[in-house]
Amino acid sequence: MRVNYPYLHQQFAEVDHIFNDLRELVSTGEFTLGPYVEKFEKKFGDYIGVKHVISTNTGTDALILALKAVGVKAGDEVITVANSFYASAGAIVAAGGTPVFVDCDKRMQIDVTKIESAITKKTRAILPVHWMGVPADMDTILEIAKRNGIEVVEDACPAVGAEINGKRCGTFGKASGFSFHPLKPLNVWGDGGAIVTNDDKVDEYLRLYRNHGMTDRDHIEMWGINSRIQPILAVVASRVLDTVDHSNGVRIRNAKILDEGLRDLPDSIELPDRPDKYKSVYQLYVIRARRRDELLNFLRSKEIECCIHYPVPLHLQKAAENLGYKRGDFPESEKQADEILTLPAHQYINEEQIEYTLEQVHKFYKG
Ligand SMILES: Cc1ncc(COP(=O)(O)O)c(C=O)c1O
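Being a predicted model, the structure only gives us computed values, none of them experimental.

Student: Could you give an account of unusual backbone geometry, with specific residues and numbers?
Tutor: Here the bond from H309 into Y310 is cis, since omega is -5 degrees, no more than 30 degrees from zero. A positive phi angle, near 45 degrees, is found at N165, a position not held by glycine. Secondary-structure assignment places N165 in the loop between β6 (163–164) and β7 (167–168). According to the relative accessible area criterion, N165 is exposed, its value standing at 57%.

The structure is reproduced here in structure tokens:
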């Protein structure tokens, strides 16, 4: 039995309704921003529970622009977590700032007990990541930020639909970035992203900056860039948004079955803590495994397509050499990098495939 990791061919097997919408868009010639983008922004804002949505070219751009909008500039430090995707740190650098890393905790999220000691006079913002679609501890982060007079920008790229006590991720910081990359919960046919905010000034700045700083076709108020979402993709995003709660629900169910099936291997498999107040959407379903590399190869030989997100933490990447970090600085992130394994748990994995995955993991450890 194959347990497939890619699922886009399944998700987009039936797309007549999207093509109908696209036909309508094409007939209008509204190919840069315009009503289809506005309609999506309103719909996404209602879904997340925010006043403003500024859609962008990518999730990375959403983070860069959000950081700029809260005032990050050359010489500023921005605190983020060592175990994330490259863009969390890359966006800080692209905004002109310097990433300052903090270790992760047993939930694989930024360790909030380590944030305060990373704050310096140069700290402008904290960029917590809802890594894997699992919420970071926003209550504590907001409290630290307030006490120290610094801004919070959420990297909510993998976390459309994730919540803390019923409040959606992306609504806690001054501005937050989402990704619509094909492997994210709200995915489009290419790259896309959005910034969300309740702050009118941030919205005003970003709407201009994203579109060359143009107030109208003949005037610019500031030097900006073009980071507009493609209307074609806004149309796709609008349709996928209708199904995101359902697909997140299936992922949550799959994660639960996997968790339950792995609990009887406490000497071999460690599951992240999952406190009730956090609703995770499992963009990635990640466990910690003893003899990880052997297990990975074994499962792959059984056609279970698992992977590692990621084997090298950000502070040990070549790109980070100039930041002066060394092995040993973030022991939890480093240990996890050697032990983590992502199992397929997406919305097109069925119970039979989950049972097969569990059976093979047991076979590997118990023979
Ligand atoms: C945590 C995180 N931040 C940022 C990004 C960047 O998003 P994008 O690929 O849309 O630029 C991603 C995903 O790719 C991500 O997982």
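Student: Help me get a handle on helix α11 (residues 331–339), residues and values and all.
Tutor: Those residues of α11 lying buried are E332, S333, E334, Q336, A337 and E339. As for α11, its buried residues are in contact with β14 (285–289), α10 (292–301) and β15 (340–343).

Student: Residues and numbers for empty space enclosed by the protein, please.
Tutor: Counted by the stated rule, this structure contains one cavity of 30 Å³ or more. Empty space within the largest cavity amounts to approximately 140 Å³. Around the largest cavity, the lining is made up of 16 residues, and of these N83, W131, H309, Y310 and I340 lie nearest the centre. Considering each element in turn, the lining of the largest cavity owes the most residues, three residues, to α11.

Student: Got a sec to walk through the packing of aromatic side chains? Specific residues and values, please.
Tutor: In total, this model carries 17 aromatic pairs according to the counting rule given. Residues F40 and F44 carry aromatic rings whose centres are separated by 5.6 Å and whose planes lie at 20 degrees to one another, so their mutual orientation is stacked. Here the residue F40 and the residue F44 both occupy positions in helix α3 (residues 35–48), the gap between them amounting to four residues, near one helical turn. Of the two residues, F40 and F44, neither departs from the other in class, the shared state being buried. On the basis of an interplanar angle of 40 degrees and a centroid distance of 4.9 Å, the ring pair of F85 and Y86 is categorised as tilted. The ring of Y47 has R168 lying over it, and the distance from NZ or CZ to the ring centre is 4.0 Å.

Student: Tell me about the site of the ligand, and name the residues and values.
Tutor: The environment of the ligand is formed by 17 residues, the closest being G59, T60, D155, S179 and K184. One of the side-chain nitrogen or oxygen atoms of D155 is found 2.8 Å away from a nitrogen atom of the ligand. Taking K184, its side chain carries an N or O atom lying 3.1 Å from an oxygen atom of the ligand. Within the complex, 93% of the 380 Å² of free accessible area of the ligand lies under protein. The pocket occupied by the ligand, as judged from atoms lying within 2 Å of grid points, is the largest pocket. At the level of secondary structure, the elements contributing two or more residues to the shell around the ligand comprise α4 (59–69) and α5 (86–94). Class assignment of the residues belonging to the shell around the ligand gives a composition of seven nonpolar, eight polar and two charged.

Student: I'd like to hear about the layout of surface pockets, residue by residue, with values.
Tutor: Counted as a void, the largest pocket has a volume near 490 Å³. Along its surface, the largest pocket is lined by 33 residues, and H181, L183, K184, Q283 and Y310 are the ones closest to its centre. Where the lining of the largest pocket is concerned, the elements lending two or more residues are α4, α5 and β15. When residues in the lining of the largest pocket are grouped by element, the largest group, three residues, is from α4. Built from parts of two domains, the lining of the largest pocket gets at least three residues from each of domain 1 (8–241) and domain 2 (244–366). Lining the second largest pocket we find 19 residues, and of these D259, R274, P275, Y278 and Y282 sit closest to its centre. Breaking the lining of the second largest pocket down by element, the ones donating at least two residues are α9 (244–262) and β13 (278–279).

Scoring rules and cut-offs
- The written sequence of each chain sets the order in which its residues are numbered from 1.
- The predicted nature of this model means local features are confined to residues of pLDDT at least 70 and side-chain atom pairs, given and counted, to a pLDDT of 80 or more, with totals for whole chains, interfaces and linings taken over all residues.
- Values shown for side chains rest on all heavy atoms present in the structure; no hydrogens or waters enter the calculation.
- Helix numbers and strand numbers start at the N terminus; a helix is a DSSP run of H or I with at least 4 residues, a strand a run of E with at least 2.
- Three exposure classes are used, based on accessible area relative to the maximum for each residue type with a 1.4 Å probe and protein chains only: buried under 20%, partly exposed in between, and exposed over 50%.
- Contacts were defined at the residue level, with two residues in contact if any of their heavy atoms lie within 4.5 Å.
- Of the grid points, spaced at 1 Å and generated over the protein atoms alone, those admitting a 1.4 Å probe that cannot get out make up cavities, while open sets with protein on both sides within 12 Å along at least five of seven lines make up pockets; any residue with an atom within 4 Å of a point is treated as lining.
- Grid points are joined across faces, edges and corners, and a volume is the space filled by probe spheres set on the points.
- Two rings from Phe, Tyr or Trp (for Trp, the six-membered ring) form a pair when their centres are within 6.5 Å of each other. A pair whose planes differ by under 30 degrees is stacked, one over 60 is edge-to-face, and the rest are tilted.
- Distance and angle both matter: a charge sits over a ring if NZ of Lys or CZ of Arg is within 6 Å of the ring centre and within 35 degrees of the ring normal.
- What makes a residue near a molecule or strand is one non-hydrogen atom of that residue sitting within 4 Å of it.
- Pairs of N or O atoms within 3.5 Å make up the polar contacts considered here, provided that, within protein, one atom can donate a hydrogen while the other can accept it, and that residues adjacent in sequence are counted only when both atoms are side-chain atoms.
- Computed by Shrake-Rupley with a 1.4 Å probe, the accessible areas treat only the displayed protein chains as cover when residues are assessed.
- A cavity or pocket is said to hold a molecule if more than half of that molecule's atoms lie within 2 Å of its grid points.
- When residues are grouped by polarity, Ala, Val, Leu, Ile, Met, Phe, Trp, Tyr, Cys and Pro land in nonpolar, Asp, Glu, Lys and Arg in charged, and all others, Gly among them, in polar.
- Start and end points for every domain follow an automatic or database-based domain assignment.

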